Number of protein chains: 2
Amino acid sequence: MDAKELWETPKKYLDKQIELDGWIRNHRKQKNFGFINLNDGTCFKQTQIVYDDSLSKFEEIQKLKVGSAVHVLGRLAKSEGGKQDYEVKAIDVVLLGDADEDYPIQPKRHTLEFLREQAYLRPRTNTYFAIFKIRSVAAMAIHAYFQKNGYVYVNTPLITTADCEGSDQMFKITTLDFNNLPKNKDGSVDMSKDLFGKKAFITGSGQLHGEAFALAFQKIYTFGPTFRTENSNTKTHANEFWMIEPEIAFCDINKLMDIEEDMLKSVVREVLEKCSEELEFLDKNVQNGLIQKLQQLVDSKFVRISHHEAIDILKNSGEKWEFEPNYDSDIAKEHEKYLTSYFNGPVFIKDWPKDIKAYYMKLNDDGKTVAAVDLEVPGAGELMGGSQRETDYQKILSRCKELGVDTSTIDWYLNLRRFGSVEHSGFGMGFERLIIYLTGVENIRDVIPFPRTPNNCLY
Amino acid sequence: MDAKELWETPKKYLDKQIELDGWIRNHRKQKNFGFINLNDGTCFKQTQIVYDDSLSKFEEIQKLKVGSAVHVLGRLAKSEGGKQDYEVKAIDVVLLGDADEDYPIQPKRHTLEFLREQAYLRPRTNTYFAIFKIRSVAAMAIHAYFQKNGYVYVNTPLITTADCEGSDQMFKITTLDFNNLPKNKDGSVDMSKDLFGKKAFITGSGQLHGEAFALAFQKIYTFGPTFRTENSNTKTHANEFWMIEPEIAFCDINKLMDIEEDMLKSVVREVLEKCSEELEFLDKNVQNGLIQKLQQLVDSKFVRISHHEAIDILKNSGEKWEFEPNYDSDIAKEHEKYLTSYFNGPVFIKDWPKDIKAYYMKLNDDGKTVAAVDLEVPGAGELMGGSQRETDYQKILSRCKELGVDTSTIDWYLNLRRFGSVEHSGFGMGFERLIIYLTGVENIRDVIPFPRTPNNCLY
């Protein structure tokens, strides 16, 4: 049976014979008896197996090592002491797969840094088991939210030949041999010989393609991996990460904020409900107050202010800033932190200066700002970035010109403004940033199963 | 309101005033009245809008073009004729976004080839609307099945430096400048200068990483994009496609087949239930008998035979083969077709000759075959491929040697056999192949929003 089933209704199995397969997380031995902590992967909780020297295989069982896999036959009993209510009194324990002496995950406190080096084994520890379980539950909650609300899931392409996002931020992909590149007459590389007949990249966003589908299905979302080439070794950067990009037709920036708020609360609520044991563990061991923080978010009403108002608050704060707040500029991490703590909760900041934002964002009537909105949350900073899109063909063309965007590869995207163009909006949410927020861990390397960062592509 | 809501309970809205936003799919004009077919993206069904010259804007409305977006104010009424039961009598129609004269999707039968060239607009046609809706519903059904059954969703990495799958089938990725590559003293390219400090690829499978997580969580699945460099222009090949790769610990090949069968039936059942209108359309227009085919699959018991038995059947068939069936070889498309038609349903073929299968598959006791299993389905050929994995460290090492697999980059994977190794199995399902099966379309280019094939990376 599964441990999950057992621990959901232990009373049902009291005094009954049960069988469990799992891995030994801990093994404490006394002269005449011993305790094995067994985890079978189906739930966070471990099952305590008690055995004593009345078993004919007592000596054999005492030799079982942490990390090995065993089959346990036993009887569920009320625990005679210790923290747990029930334990399994062993009738037989059979070794399925031994753990060699050099098994690195021992029942002691390993640092996250050490465990990162053991990425393929670290989900066998409590911390990473909790993190990756929450990651899975959150992913499902996101799918469930959008599907329930009538969104169509669209798999936008990762391979692209359009470099409108700035190709220096994208990985080039090729099937050519680096040591034997085909050349043009002028000595440059002849990319027409590559698989797609031209330069190709892997992309950092599915937004443009998402917009095309939103103008057919009204409500769509993407959820997939994205890539950035940033050579940056911070706690929040990885070269491969996952993103969710919903796009909604007949939707302005106000309705967009409603959706963002509703979606985030729905996901947090689901994780609170389905991962209570994992969250309790992380609350105790990783971020004190984690559960309260999440509960507060669900119960709060997100504040909505303009970029101009945000700068006012920062200027009037009396704080000493490393970066002086400025009506024409982006806001810094220290500002984000101040604002979420000032409002004691999530804050939408909207209507940003057009010069620091992208060409596809709708120009506001003031001619100076665009209908962009960022969501700042306590502890994780910017969690979502979105905007109402420019739907006027001439206006988006002139914004492209202003910002020096090469339109030759996005003519189809611009054409969407010529064929039944309607008010539409969308946002992007970095999935890892959400997991950082949900788990309280600080480093993006700890929320990705096998993280990829500069000079670091192991496993 | 949404058309979906309207058409779920039209009686509720009869004789009531309603408002709809959507796109004009068709516009038929008579002297004193006209019909507009409106689709708002929320459901397959179109809403018929009737207007006549009692409206002050009659002439303006008559000029509205196919492809443009409109806001309709009207009253739901019993239809006075035609195919539909209800229609909306217009009170006002407001143009939201015009369609320029060159709008390519007109209300006539376009070929799929023509529509492929309009990938960004084709979801506005019935056929592609149905296909991509089914794709979304099927994706959700897959997530729902695995989550309901306790699987953890794992995002395995796409960027890899291990080329154990054969790097000639993987795209190389780089941040280096092709026209200015750093060189070693011997003139070869110095890959240590690249972002990850070595050669890197985007991968075609998450299986190895999935196994590591299955040995912590017992049951896991992946669902994400994969890449192949095949320079192949067939109906079933694309260079970017999505895959589902579940991996289950404490699971042998027989239990694996149970899971594959149960999962597939669950997904088909869900699509039958949630996409009945889309399937009816495709049944009429793309593949006659589609719904019956799907219903039959749900009701059937999948046949299970060995590769040896399959070859026996083929040899005894009396058929003339292009490729002669052989006990030591793979089976050809013509054989797959014969077998699914012979059994009139899906067929599992297991226990394949070891020499034509991968190093990680469990060697059977006969020493000649491995515990691999392919699922063949009528009309789509091989839909899933899986195996019980080799769990013995020495045996997998010697299989690597036999097949010439470089083990230097997969030492961690092999180590899984030294640290609590248990019986485990997994399979891969090509998502597009499933969608081809579910929709009855024949070309993979028609089930991917923006397909990537050799010399073809548009949009």
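Below is a short write-up of the structure. Remember, it's a predicted structure, so these values are computed and weren't measured experimentally.

Examining the relation of the copies chain A and chain B
Mapping chain A onto chain B calls for a rotation angle of 180° and an axial translation of 0.0 Å; the resulting RMSD is 0.0 Å. When the rotation and shift are considered jointly, the pair of chain copies conforms to a two-fold rotation axis. Rotation axis and chain A: the residue whose C-alpha lies nearest the axis is Ile173 of chain A, separated from it by 2.2 Å.

Some details on the pairing of strand E3 (residues 47–52) of chain B
Residue and element names in this part refer to chain B. With five of its six residues buried, E3 lies for the most part within the structure. Pairing of strand E2 (residues 33–39) with E3 involves six bridges; the strand directions are antiparallel. If you follow Gly34 over to E3, its bridge partner there is Tyr51. Sheet topology places E3 next to strand E5 (residues 86–97); two bridges connect them, and they run parallel. By the bridge assignment, Ile49 is partnered in E5 with Val88.

Points about the pairing of strand E8 (residues 171–174) of chain B
Judged by which residues are buried, E8 of chain B turns out to be covered on both faces: Phe171 and Ile173 of chain B on one side and Lys172 and Thr174 of chain B on the other are all buried. Strand direction decides the pairing type here: strand E8 (residues 171–174) of chain A and E8 of chain B, joined by three bridges, are antiparallel. When the bridges of E8 of chain B are listed, Ile173 of chain A appears paired with Ile173 of chain B. Pairing between E8 of chain B and strand E9 (residues 200–202) of chain B: three bridges, direction antiparallel. Along E9 of chain B, the bridge assignment pairs Lys172 of chain B with Phe201 of chain B.

Thoughts on the packing of aromatic side chains
Summed over the entire model, instances satisfying the criterion amount to 65 aromatic pairs over all chains. An angle of 45° between the planes, with centres 5.9 Å apart, marks the rings of Phe302 of chain A and Phe348 of chain A as tilted. Residue Phe302 of chain A is located in the loop between helix H9 (290–299) and strand E12 (303–306), and its partner Phe348 of chain A is located in strand E13 (residues 347–353); the two are separated by 46 residues in the primary sequence. Side by side, Phe302 of chain A and Phe348 of chain A carry an identical accessibility label, which is buried. Taking NZ or CZ as reference, Lys45 of chain B lies 4.7 Å from the ring centre of Trp7 of chain B, over its face. A cation over an aromatic ring shows up here: Arg417 of chain B above the ring of Tyr413 of chain B, its NZ or CZ 4.3 Å from the ring centre.

Looking at the sheet that holds strand E7 (residues 159–160) of chain B
Within the open sheet, the six strands sit side by side as E7(A)-E9(A)-E8(A)-E8(B)-E9(B)-E7(B). Their pairing is antiparallel. With partners counted over all chains shown, the strands left at the sheet margins are strand E7 (159–160) of chain A together with E7 of chain B, one partner each.

Some remarks on the interface of chain A and chain B
In this assembly, 104 residues from chain A lie in contact with 104 residues from chain B. In total, about 8,700 Å² of surface goes out of reach between chain A and chain B, with carbon and sulfur atoms giving 66% of it. Looking only at chain A, the three residues that lose the most surface to chain B are Lys172, Phe178 and Phe419 of chain A, adding up to 9% of its buried area. Across the contact surface, chain A and chain B share six salt bridges.

Cut-off values and rules
- All chains use their own residue numbering, which begins from 1 and follows the written sequence.
- Chains carry letters from A onward and ligands carry numbers from 1 onward, assigned in written order.
- Only residues with pLDDT of 70 or above have their local features reported here, since the model is predicted, and side-chain atom pairs are shown and tallied only from 80 upward, although totals for entire chains, interfaces and linings are computed over all residues.
- The basis for every side-chain value is the complete set of heavy atoms in the structure, and neither hydrogens nor water enter the calculation.
- Copies overlap after least-squares fitting; the atoms used are the C-alpha atoms of residues with pLDDT of at least 70 in both.
- Whether a residue is buried, partly exposed or exposed follows from its accessible area with a 1.4 Å probe, protein chains only, as a fraction of its type maximum: under 20%, in between, or over 50%, in that order.
- Helical segments are the DSSP runs of H or I of at least four residues, strand segments are the runs of E of at least two, and each set is numbered from the N terminus.
- By the convention used here, strands pair only if DSSP detects at least 2 bridges between them.
- Centres within 6.5 Å are what make two rings of Phe, Tyr or Trp a pair, Trp counting through its six-membered ring; a difference in plane orientation under 30 degrees is then read as stacked, over 60 as edge-to-face, and the rest as tilted.
- Charge-over-ring contacts are defined here by two conditions on Lys NZ or Arg CZ: a distance within 6 Å of the ring centre and an angle within 35 degrees of the ring normal.
- The contact definition used throughout considers only heavy atoms, calling two residues in contact when any of these lie within 4.5 Å.
- For any pair of parts, buried area is found by adding up, for both, the accessible area (1.4 Å probe) each one loses once the two are put together.
- Think of a salt bridge as a Lys or Arg side-chain nitrogen and an Asp or Glu carboxyl oxygen that are within 4 Å of each other.

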